[in-house]
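Reading the structure
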Amino acid sequence: MGIMAGVFAQMGWPISRRPKAERRVYCKERPDRRILELETAKEILQEVFCTTSAEVEEMIRLRLAERDSTI
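Every value quoted in this text rests on a predicted model; they were computed, and no experiment measured them. (Residues numbered from 1 in each chain as written. Predicted model: local features only at pLDDT ≥ 70, side-chain atom pairs only at ≥ 80, totals over all residues. Heavy atoms only, no water.)

1. Points about the overall build of the protein
Counting its secondary structure elements, the protein contains three helices and zero strands. Ordered by position from N to C terminus, the α and β elements of the protein give α-α-α. When each of the 71 residues of the protein is scored for burial, the buried share is 4%. Put simply, the protein shows about 7,300 Å² of open surface, and 59% of that area lies on carbon and sulfur atoms. (Helix = DSSP H or I, 4+ residues; strand = E, 2+ residues; numbered from the N terminus. Buried < 20%, exposed > 50% of the residue type's maximum accessible area, 1.4 Å probe, protein only. Areas by Shrake-Rupley, 256 points an atom, 1.4 Å probe, with all protein chains shown as cover.)

Shown next, in the form of structure tokens:
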């Protein structure tokens, strides 16, 4: 085996010996992903527009009403 092959073999050894990632099982009580995404979006809107959570809720209500009136 050549010198470089030996070097590459040594470099790959720790990677190939790492334990495989275990699949995590979440309990049924975990929050729905869409709810988490909505809450995150609300927090971003609060920061971007320097508003309160009540104002963000109102912005969303107005936008949904506007969207529903055009359908």
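What follows picks up the thread again.
2. Focus on the pattern of salt bridges
Counting across every chain of the model gives five salt bridges. Among the ionic pairs, Glu37 bridges to Arg33, the shortest N-O distance being 3.0 Å. Placement of both Glu37 and Arg33 in helix 2 (residues 33-49) is noted, with a separation of four residues, approximately one turn of the helix. The exposure class of Arg33 is exposed, given its relative accessible area of 59%. Taking the shortest distance from any N to any O, the salt bridge between Arg61 and Glu58 comes out at 3.5 Å. Taken as a pair, Arg61 and Glu58 lie in helix 3 (residues 53-70) at a separation of three residues, close to a single helical turn. Take Glu58: its relative accessible area is 36%, and that puts it in the partly exposed class. Put simply, Glu39, Lys42 and Glu57 are held in one network by salt bridges that share partners. (Salt bridge = Lys/Arg side-chain N within 4 Å of Asp/Glu carboxyl O.)

3. A closer look at the packing of helix 2 against helix 3
At their nearest, the axes of helix 2 and helix 3 sit 9 Å apart, and the two run at 105° to each other. What the angle tells us is that helix 2 and helix 3 run roughly perpendicular. Two secondary-structure elements touch here, helix 2 through Lys42, Leu45, Gln46 and Phe49 and helix 3 through Ser53, Val56, Glu57, Met59 and Ile60. Within the contact of helix 2 with helix 3, the residues separate by chemical class into five nonpolar, two polar and two charged. (Axes fitted to C-alpha atoms, helices over the stretch in contact; angles between N-to-C directions. Parallel < 35°, antiparallel > 145°, perpendicular 65-115°, else oblique. Contact = heavy atoms within 4.5 Å. Nonpolar A, V, L, I, M, F, W, Y, C, P; charged D, E, K, R; others polar.)

4. Remarks on unusual backbone geometry
With phi around 50°, Cys50 is a residue other than glycine that occupies positive phi space. Within the secondary structure layout, Cys50 lies in the loop between helix 2 and helix 3.

5. Here's the deal with helix 2
Between its first and last C-alpha atoms helix 2 spans 24 Å; for 17 residues at 1.5 Å apiece the expected length is 24 Å, and the two agree. Where helix 2 ends, the next residue or the one after it, Cys50, has phi of about 50°, a positive value. (Expected span 1.5 Å × (residues − 1).)

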